[in-house]
Amino acid sequence: MALRPILRFPDPRLRVAATAVTRFDADLRELAADLLDTMRAAPGIGITAPHIGVSLRLVVLELTPGDVRTYANPVLDGVSRETIRHVEGSVSMPGATDELERHAHVRVRYHDLDGVEQVEEANGLLAVCHQHEIDQLDGIFWIDRLSRLKRDRLIARYNKLRRG
């Protein structure tokens, strides 16, 4: 396992849709392990392969210590009409957060690391994380979900943080 450099906003690679995972092998397992180590060091609760410059549809989540979940090729297969608001951020934009509205419940279809198709129902924070990370896999950076005014203000705050 290794720590990998995380791309920082506004790196254009964060806005590129990732390619489907087609090989479920030792290299994929190693990438997933590297993502977990990198996410923990960031620190964060979710990370995608594109966050480290690898254009593959792979997500690692760890909402509570030790409960690691890995998803290859995740897609939303159903969403609730009910929504929730949650503060979000990104390992690619450390220190910058804002509140977004997301679906309160989602169904996600994905493959595990062995290539077996799975389906997961998720509520609350887990549902928010799925939507956030699937957006990232689709080349939609989380701040794109903010109004223009909120996005501009957040970017200004982030740039100020980076400068010092």
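Above this note sits the structure.
All of the points below concern the structure found in this document. (Residues numbered from 1 in each chain as written. Predicted model: local features only at pLDDT ≥ 70, side-chain atom pairs only at ≥ 80, totals over all residues. Heavy atoms only, no water.)

Considerations on the sheet that holds strand β1 (residues 46-48)
Thought 1: On the basis of which strands lie adjacent, the open sheet formed by 5 strands has the order β1-β2-β3-β6-β7 and antiparallel pairing. Of all the strands in the sheet, the pair left with one neighbour each is β1 and β7 (117-123). Looking at each pair of strands side by side, their axes are set apart by 40° on average, direction ignored.
Thought 2: In terms of strand pairing, strand β2 (residues 58-62) meets strand β3 (residues 68-79) through 5 bridges, oriented antiparallel. Pairing of E62 across the sheet is with V68, part of β3.
Thought 3: Its contacts with the sheet put helix α1 (residues 26-41) on β1, β2 and β3, and the angle it makes with β2 is roughly 45°.
Thought 4: Strand contacts of helix α2 (residues 124-137): β1, β2, β3, β6 (105-111) and β7, with the helix running at about 125° to β7, the strand carrying the most contacts. (Pairing = 2+ DSSP bridges. Helix = DSSP H or I, 4+ residues; strand = E, 2+ residues; numbered from the N terminus. Axes fitted to C-alpha atoms, helices over the stretch in contact; angles between N-to-C directions. Contact = heavy atoms within 4.5 Å.)

Re the nonpolar core
Thought 1: In this structure, L31, L35, I47, I52, L58 and V60 are the most contacted members of the largest nonpolar core, which totals 16 residues.
Thought 2: Going through the elements one at a time, α1 and β2 are the ones with two or more residues in this core.
Thought 3: A total of 6 residues in this core trace back to one element, the largest contributor, which is α1.
Thought 4: In this structure I47 touches L35, T38, M39, I52, L58, V59, V60, V91 and E133, once residues within four positions along its chain are discounted.
Thought 5: One finds A18, A127, C129 and I134 within the second-largest nonpolar core, a separate group that totals 13 residues. (Core = buried A, V, L, I, M, F, W, Y, C linked by side-chain atoms within 4.5 Å. Buried < 20%, exposed > 50% of the residue type's maximum accessible area, 1.4 Å probe, protein only.)

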